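Structural features, examined
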Amino acid sequence: MKKGIIGKKVGMTQIFDDKGKVIPVTVVEAGPCVVTQKKTVENDGYDAVQIGFGDQKPQRVNKPLTGHFKKGDVAPKKTLRELRLEDISAVNVGDLIKADAFAAGERVDVTGTSKGKGYAGVIKRWNFHRLKETHGSGPVARHGGSNGACSSPSRVWKGLKMAGHLGAETVTVQNLTVAKVDAENNLIAIKGAIPGPNGGIVIVRDSVKA
């Protein structure tokens, strides 16, 4: 990874290209992010930078984090994330990362927390088929069916697809295209949809597949 930034998903809209073609985009309020810590092989065993996004009131920060921010001489931030960059030699604590780090036409990966959907059945969660809804099947058309045979294995296999909590997990959408960058307002318009609800925190970084 060469660069990355923390942002907030604003929502979806559409823009027009030079030929008048409609492009559906997701707008991300990207940065400005500040470098709060620099990790090195000598001190931490690996190279990385920690960046912060969104101002936080000092009275809402606990003592360990207050000391952490004071050590770097940076203002308290709401969200902290680590980025393992290929080269951190040119990056220093206190540096700002803004939306203009990216340009239109670049390929990016976006990571966020998907929308939570609560407790879901096997059809919604795993795309199971229904049972036949004819005479004799009873009220079990949307049930999951057998979980384990009586004699073998006489237990339920680990990881068996069953009803349960759906969504609210880390999701990465790869190889998206940056449609437009508004550096003045710290906005990046990304073609297509990205994970999470409006207002959710996302990480935008250069694509591993491009």
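The structure under discussion appears in the preceding block.
Attention in this report is confined to the structure presented alongside it.

Rules behind the numbers
- Residues numbered from 1 in each chain as written.
- Predicted model: local features only at pLDDT ≥ 70, side-chain atom pairs only at ≥ 80, totals over all residues.
- Heavy atoms only, no water.
- Core = buried A, V, L, I, M, F, W, Y, C linked by side-chain atoms within 4.5 Å.
- Buried < 20%, exposed > 50% of the residue type's maximum accessible area, 1.4 Å probe, protein only.
- Helix = DSSP H or I, 4+ residues; strand = E, 2+ residues; numbered from the N terminus.
- Pairing = 2+ DSSP bridges.
- Axes fitted to C-alpha atoms, helices over the stretch in contact; angles between N-to-C directions.
- Patch = residues over 30% accessible without salt bridge, like charges linked within 9 Å, V, L, I, M, F, W, Y side chains within 5 Å.
- Areas by Shrake-Rupley, 256 points an atom, 1.4 Å probe, with all protein chains shown as cover.
- Salt bridge = Lys/Arg side-chain N within 4 Å of Asp/Glu carboxyl O.
- Lys, Arg positive; Asp, Glu negative; His and termini not counted.
- Charge placed at Lys NZ, Arg CZ, Asp CG, Glu CD.
- Polar contact = N/O pair within 3.5 Å; in protein donor to acceptor, adjacent residues only side chain to side chain.
- Contact = heavy atoms within 4.5 Å.
- Phe/Tyr/Trp six-rings, centres within 6.5 Å; stacked < 30°, edge-to-face > 60°.
- Lys NZ or Arg CZ within 6 Å of the ring centre and 35° of its normal.

Looking at the nonpolar core
In this structure, Val49, Ile51, Val108, Val110, Ile190 and Val204 are the most contacted members of the largest nonpolar core, which totals 26 residues. Mapped by element, the contributors of at least two residues to this core are β1 (4–16), β2 (22–30), β3 (33–39), β4 (48–55), β7 (107–113), β10 (170–182), β11 (187–191) and β12 (201–206).

Overview of the sheet that holds β7
Taken together, the 6 strands give a closed barrel; going around it, the order is β1-β2-β11-β10-β7-β12, and neighbouring strands pair in antiparallel fashion. Taken pair by pair, the neighbouring strands of this sheet meet at an average axis angle of 50°, ignoring direction.

Quick notes on a negative patch on the surface
Together, Glu42, Asp47, Glu86 and Asp87 give the surface a local cluster of negative charge. In this structure, Glu86 sits in the loop between β5 (77–83) and β6 (96–97). Residue Glu86 is classed as exposed on the basis of its relative accessible area of 60%.

Describing the side chain of Gln50
Among the secondary structure elements, Gln50 is positioned in strand β4. Engagement of the side chain of Gln50 in a polar contact is seen with the side chain of His68, the distance being 2.7 Å. Every residue in contact with Gln50, bar those within four places of it in the chain, is listed here: Val34, Val35, Thr36, Gln37, His68, Leu80, Arg81 and Glu82.

Remarks on the packing of aromatic side chains
Overall, the coordinates contain 0 aromatic pairs when judged by the stated rule. Over the face of the ring belonging to Phe102 we find Lys3, whose NZ or CZ atom lies 5.1 Å from the ring centre. Over the ring of Trp157 we find Arg155, and its NZ or CZ is 4.5 Å from the ring centre.

Observations regarding the pattern of salt bridges
On inspection of all chains with the given rule, the structure shows 4 salt bridges. Residue Lys3 pairs with Glu106 through a salt bridge whose shortest N-O separation is 2.9 Å. Of this pair, Lys3 sits in the segment before β1 while Glu106 sits in the loop between β6 and β7, and the two are 103 residues apart along the sequence. Given the relative accessible area of 24%, Lys3 is considered partly exposed. Of the charged contacts in the structure, one is a salt bridge between Glu82 and Lys39, with a shortest N-O distance of 2.7 Å. You can see Glu82 sitting in strand β5 and its partner Lys39 sitting in strand β3, a full 43 residues away along the chain. Its relative accessible area of 35% is what places Glu82 among the partly exposed residues. Judged by relative accessible area, Lys39 falls into the buried class, the value being 15%.

A look at the sheet that holds β6
The strand order across the open sheet formed by 4 strands is β5-β4-β3-β6, and the pairing between neighbours is antiparallel. With partners counted over all chains shown, the strands left at the sheet margins are β5 and β6, one partner each. Both β4 and β5 contribute to a ladder of 6 bridges, which runs antiparallel. Bridge pairing in β5 links Gly52 to Leu80.

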